[in-house]
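Structure at a glance
What follows is each chain in one-letter form.
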Amino acid sequence: MTWDIFCTVIDNYGDIGVTWRLARQLATEHAIPVRLWVDDLRAFQLLRPDIDPALATQHLAGVEIRRWTTPMAKEVTGKLEPGEVVIEALACNLPDEFVARMALRQPAPVWLNLEYLSAEAWVAGVHGLPSPHPRLPLTKHFFMPGYTENTGGLTRESWLSARRDAFQADAAARAEFLLGLGLPAPLAGECLVSLFSYENRALPSLLRAWAADGKPVHALVPVGKALPQIAAWLGEPTPPPGAVFQCGALTLHVLPMLDLDAYDRLLWACDLNFVRGEDSFARAQFAARPLIWQAYVQDDGAHFAKLEAFLALYCAGMDAQLAEQTRTLWRAWNHETDMAALWSPLRDTLPALTAHARVWDRRLARQTDLATNLLNLCRKWLK
Ligand code: TRH
């Protein structure tokens, strides 16, 4: 089987993060020849510095990466044959020329619309639904990632749990990793936090609480969306990667964008992770550490339903007080209300939240992963 995966970088890094991770897993774990079509190789290069944005075709980790240009006539008028499986990821639209070629293929390719991740109950009802093409003899099917067995599952590599457990059990590996990022050895009793978020009106209240804490808080902030706001709070111009600020108990380090696998290790190394969007959110769950998620803001407020749906799943089976605290915190962060009073109880309950994060990760590890679900479906339909 050859697979074509199409990715449009709409904004930020989630689109390329999700598709690259899937393409890499299909190639390395399932020996599938994958072509990943990306319209913005510069965004890709931030997550994989070895990407050359000037190249029309390049190979990385067993994946053929194609620059997706519009129109793509040159590629498709050549010998290019659409793969047996074509994935249209995260609401990108396939080029008409390519769809026309798909219609000529015998048998027709399995055409999947890989949708955004959500814990909402309707997801299971949509997973697998057909959407016939209005003119051509082709049918696209919805493939919905999710947290329950009747969805497509989550992208999770087979090596994940073992590598993470080994890293988290090895204090020297953690120290070496942090040193490699240019960070000092952790102070006694320090709370190490990664902060990957969008702009957020709650941010200054959180920074204030960290600065006023009786114990050290070390915040690691990647360059990007939240940084100008943090700089304004510090009364500084937007700082470059490597910059360090001290404000009361708070030490704040600005990090460059790390490559995808180093970002995983950062999540594994921290005591608490603020994450956002889709892929960093899933990775923070797999880090088996406490997390606070900022959902990607949608104009119609649809992200609040996503937040509540996830909280309902995540908090089920949790100690009632801890569940209430978690809901309050995540709601405050997403509704952008004052977080100052919430910090101290959060810090005190980090051990209990870590224990819950482990339970949640074990539950996720039992699910069939998204790549395997995709393969099973495609094998069935292509028989
Ligand atoms: O960057 P995001 O906000 O991306 C998206 C997009 O906005 C997209 O349009 C939207 O559909 C989606 O969110 C919901 O958040 P996300 O999904 O977490 O993607 C970030 C990616 O960047 C993820 O793959 C992890 C990666 N990353 C690194 O590789 N290194 C880093 O240092 C950091 C901070 C992130």
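Residues numbered from 1 in each chain as written. Predicted model: local features only at pLDDT ≥ 70, side-chain atom pairs only at ≥ 80, totals over all residues. Heavy atoms only, no water.

A few words now on empty space enclosed by the protein. Taken as a whole and assessed by the stated rule, the structure comprises two cavities of 30 Å³ or more. In this structure, the largest cavity occupies an estimated 150 Å³ of space. Forming the walls of the largest cavity are 13 residues, and the residues nearest its centre are Val18, Thr155, Glu278, Asp279 and Leu370. Those elements that provide at least two residues to the lining of the largest cavity are α1 (14–30) and α11 (279–286). Taken together, the residues of the lining of the largest cavity break down into eight nonpolar, one polar and four charged. Three or more residues apiece are contributed to the lining of the largest cavity by two domains, here domain 1 (3–155 + 367–381) and domain 2 (160–365). Of the voids in this model, the second largest cavity is the one considered here, and its volume is about 60 Å³. What lines the second largest cavity is simply Leu272, Pro290, Leu291, Ile292, Tyr314, Thr326, Leu329, Trp330, Leu346 and Leu353. (1 Å grid on protein atoms, 1.4 Å probe; cavity = no way out; pocket = protein on both sides within 12 Å on 5 of 7 lines; lining within 4 Å. Points joined across faces, edges and corners; volume = space filled by probe spheres on them. Helix = DSSP H or I, 4+ residues; strand = E, 2+ residues; numbered from the N terminus. Nonpolar A, V, L, I, M, F, W, Y, C, P; charged D, E, K, R; others polar. Domains from an automatic or database assignment.)

All right, on to the packing of aromatic side chains then. Inspection of every chain in the model, using the stated rule, returns 23 aromatic pairs. Residues Phe310 and Trp330 carry aromatic rings whose centres are separated by 5.7 Å and whose planes lie at 10° to one another, so their mutual orientation is stacked. Of this pair, Phe310 sits in helix α12 (residues 302–315) while Trp330 is found in helix α13 (residues 320–335), placing the two residues 20 residues apart along the sequence. This pair shows no difference in class: Phe310 is buried, exactly as Trp330 is. Lying over the aromatic face of Trp159, Arg163 brings its terminal NZ or CZ to 4.1 Å of the ring centre. (Phe/Tyr/Trp six-rings, centres within 6.5 Å; stacked < 30°, edge-to-face > 60°. Buried < 20%, exposed > 50% of the residue type's maximum accessible area, 1.4 Å probe, protein only. Lys NZ or Arg CZ within 6 Å of the ring centre and 35° of its normal.)

We now examine the environment of Ser197. One can find Ser197 in the loop between β9 (191–195) and α8 (203–211). You can call Ser197 buried: its relative accessible area is 3%. Sequence separation between Ser197 and Gln294 is 97 residues; the distance between their C-alpha atoms is 6.5 Å. When sequence neighbours within four positions are dropped, the list of residues in contact with Ser197 reads Lys225, Ala226, Arg276, Gln294 and Trp333. (Contact = heavy atoms within 4.5 Å.)

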